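# Chain and residue survey
Given next are the chains, with one letter for each unit.
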Amino acid sequence: MKATLIKYILDFKRPSGTSRGVMTEKETWFIILEKDGKKGIGECGILRGLSLDDRPDYSDKLQWACNNIHLGKNTLWEALREYPSIQFGIEQAFLSLESNDPMILFPSAFAEGQKSIPINGLIWMGTPEFMKEQIDEKIAQGFDCIKLKIGAIDFDEELRLIRYIRTHFPPEKVEIRVDANGGFDKSNALYKLNQLSELKLHSIEQPIKQKQPDSMSELCKKTPLPIALDEELIGVTNYNDKENLLQKIQPQYIILKPSLVGGFKGTQEWIEIAEKLNIGWWITSALESNIGLNAIAQWTFTLNNPMPQGLGTGSLYTNNIDSPLIVQNGHLWYKNNLDWKSNSVLGF
């Protein structure tokens, strides 16, 4: 078996704002496996400044994984616990190689184009005018679940934007999720949560920065608005540590990004623990190209979670890999009458 690495820079159509700054591009890596005339592909999507594996030896570790591909998926996964995005890329590449069709990792009614996955419409941070423009666009496109990134502009302005949605669309028409990306201070987080709860929101992601388990636990006990942990899960790779974290904080939800929490296997561990503790969950992509998004979407469908998932960000880039993934009326579809267009960069 031969493993080849390809680095690929994804360019945003327009600068995309988060509470950690503005992104104009995102680097990703593709692992191409070849064996007996067949090929498989997996994506290692790293988020600089957020991923556990954002470290100087990342490319060296990628090369090590390729040089030792003969060890197999399971041995490599265990050896790469500190490199969740590489774990995920390895899992994908092996599933792709073993499949009759390298782009069908999990055969299902979704992969056959018969069923879809409900998703949330993501509103990026920016000026109030830009955010309002996005909100109007998503609702016109048929989304009934909207997710707003908050924490970058004035909080009162953000409340006004959410009120704008609520004035026109009651909770039974449009579900609103907000993501603070750890942007609130623990001293005033509960005050802000009380204000947000008046607007009948579904939940808030990561209101305060991660690694403050006592403060987050207290917030989850007192909150009038369901709290979902996101960044809090990054870097917790041991099963017992995962269990201890959720038992201590007792959040209402957890949000799982396979690229950031150890691929399918690492995500499945979190789901198992969450369900044991009666904690809700949903899956979210992490700005992967359509290669990674395809893998996440196909796997997510097999989990039978009826909630809107956080998928479908492939349209953000000018140079994404053309794929059959299409968003229609707030749902992600795999239109198998459309082909993955040949991409010379990947050699497929």
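Placed above this text is the structure.
Residues numbered from 1 in each chain as written. Predicted model: local features only at pLDDT ≥ 70, side-chain atom pairs only at ≥ 80, totals over all residues. Heavy atoms only, no water.

### A short note on the overall build of the chain
To be explicit about the condition: What counts as a helix is a DSSP run of H or I of at least four residues, what counts as a strand is a run of E of at least two, and both are numbered from the N terminus. The globule rule used here is 2.2 Å times the number of residues to the 0.38 power, and the radius of gyration it is set against is calculated over C-alpha atoms. Summary of the burial criterion: residues with accessible area below 20% of their type's maximum are buried, those above 50% are exposed, and those between are partly exposed, where the area comes from a 1.4 Å probe applied to protein chains only. By definition in these notes, contact holds between two residues if any of their heavy atoms fall within 4.5 Å. Throughout, the Shrake-Rupley method with a 1.4 Å probe supplies accessible areas, and for residues the shown protein chains are the sole cover considered.
Within the chain one finds eleven helices and 13 strands. Taking 20 Å as the expected radius of gyration for a compact globule of 348 residues, we find that the chain reaches 20 Å, a close match to that expectation. Projected onto the principal axes, the alpha-carbon positions of the chain cover approximately 60 × 45 × 35 Å. The buried share of the chain, reckoned over its 348 residues, is 57%. Long-range pairs, those at least 24 residues apart, make up 68% of the contacts in the chain with a sequence separation of at least 6. Counting only carbon and sulfur atoms, one obtains 47% of the accessible surface of the chain, whose full area is about 14,600 Å².

### What to know about the packing of aromatic side chains
Here is the rule we go by: Each Phe, Tyr or Trp ring (for Trp, its six-membered ring) is paired with any other whose centre lies within 6.5 Å, and the angle between the two planes then decides the class: stacked below 30 degrees, edge-to-face above 60, tilted in between. Note on criteria: charge over ring means Lys NZ or Arg CZ within 6 Å of the ring centre, with the direction from the centre no more than 35 degrees off the ring normal.
The tally for this structure, following the rule as stated, stands at nine aromatic pairs. Ring centres of Tyr-8 and Phe-30 lie 5.8 Å apart, and the angle between their planes is 55°; on these two criteria the pair is classed as tilted. With Tyr-8 in strand β1 (residues 2–18) and Phe-30 in strand β2 (residues 21–35), the pair connects residues that are 22 residues apart, well separated along the chain. By relative accessible area, which is 11% here, Tyr-8 ends up buried. Judged by relative accessible area, Phe-30 falls into the buried class, the value being 0%. Here the aromatic residues Phe-88, Phe-106, Phe-264 and Trp-299 are joined through ring pairs into a cluster of three or more. It is Arg-177 that lies over the ring of Trp-282; its NZ or CZ is 4.1 Å from the centre. It is Lys-192 that lies over the ring of Phe-155; its NZ or CZ is 4.9 Å from the centre.

### Things to note about the nonpolar core
Nonpolar side chains in soluble globular proteins generally cluster together in the buried interior. Rules: Buried residues of nine kinds, namely Ala, Val, Leu, Ile, Met, Phe, Trp, Tyr and Cys, make up a nonpolar core once their side-chain atoms join them within 4.5 Å.
Ranked by internal contacts, the top residues of the largest apolar core, which has 92 residues, are Leu-148, Phe-184, Leu-196, Ile-204, Leu-246 and Ile-254. Of the residues forming this core, the biggest block, seven residues, is contributed by helix α11 (residues 290–302). For Ile-204, the contacting residues outside a window of four places in its chain are Ile-150, Val-178, Ala-180, Phe-184, Leu-193, Leu-196, Leu-225, Pro-226, Ile-227 and Ala-228. With 19 residues, the next largest nonpolar core counts Leu-33, Tyr-83, Ala-93 and Leu-97 among its residues.

### Some details on the sheet that holds strand β12 (residues 325–328)
The condition that has to hold: The pairing criterion is simple: DSSP has to find at least two bridges between the two strands.
Pairing is antiparallel across the open sheet formed by three strands, whose spatial order is β4-β13-β12. Looking at strand neighbours, the two that pair on one side only are β4 (117–118) and β12, the edges of this open sheet. As paired elements, β4 and strand β13 (residues 331–334) share two bridges and run antiparallel to each other. From the neighbouring strand, Ile-117 faces β13, where its bridge partner is Leu-332.

### Topic: the pattern of salt bridges
To keep things clear, this is the line we draw: Each salt bridge in this description consists of a side-chain nitrogen of Lys or Arg and a carboxyl oxygen of Asp or Glu lying within 4 Å of one another.
Applying the stated criterion to the full structure yields 19 salt bridges. Linking Arg-48 and Asp-54 is a salt bridge whose minimum nitrogen-to-oxygen distance equals 2.6 Å. By relative accessible area, which is 43% here, Arg-48 ends up partly exposed. The class of Asp-54 is partly exposed, set by a relative accessible area of 31%. Put simply, Glu-78 and Lys-265 hold a salt bridge, and the shortest N to O gap is 3.5 Å. Placement of the pair is Glu-78 in helix α2 (residues 73–79) and Lys-265 in helix α10 (residues 263–276), with a sequence separation of 187 residues. Within the structure, one salt-bridge network assembled from shared partners comprises Glu-78, Arg-81, Lys-242, Lys-265 and Glu-269.

### Topic: the pairing of strand β7 (residues 175–179)
Rule in force here: Consider the strands pointing away from the viewer: the crossover is right-handed when the path from the first strand over the helix to the second runs clockwise.
Burial runs high along β7: four of the five residues are buried. Note that strand β6 (residues 145–149) and β7 share five bridges and pair parallel. Paired with Cys-145 across the strands is Glu-175, a residue of β7. Pairing of β7 with strand β8 (residues 203–205), which is carried by three bridges, proceeds in the parallel orientation. Its bridge partner being in β8, Arg-177 is matched across the sheet by Ser-203. After leaving β7, the chain enters helix α6 (residues 189–197) and then returns to the sheet as β8, a path that is right-handed.

### Considerations on the sheet that holds strand β10 (residues 253–256)
Going by this rule: Angular values range over 0 to 180 degrees, each being the angle between N-to-C directions of two axes fitted as lines to C-alpha atoms, with helices fitted over their stretch in contact.
What the seven strands build is an open sheet, ordered β5-β6-β7-β8-β9-β10-β11; its pairing is parallel. Where the open sheet ends on each side, the last strands, each with one partner, are β5 (121–123) and β11 (280–283). With direction set aside, neighbouring strand axes in the sheet form an average angle of 25°. In the sheet, strand β9 (residues 227–229) pairs with β10 via two bridges, with the strands oriented parallel. Across the sheet, Ala-228 pairs through a bridge with Tyr-253, a residue of β10.

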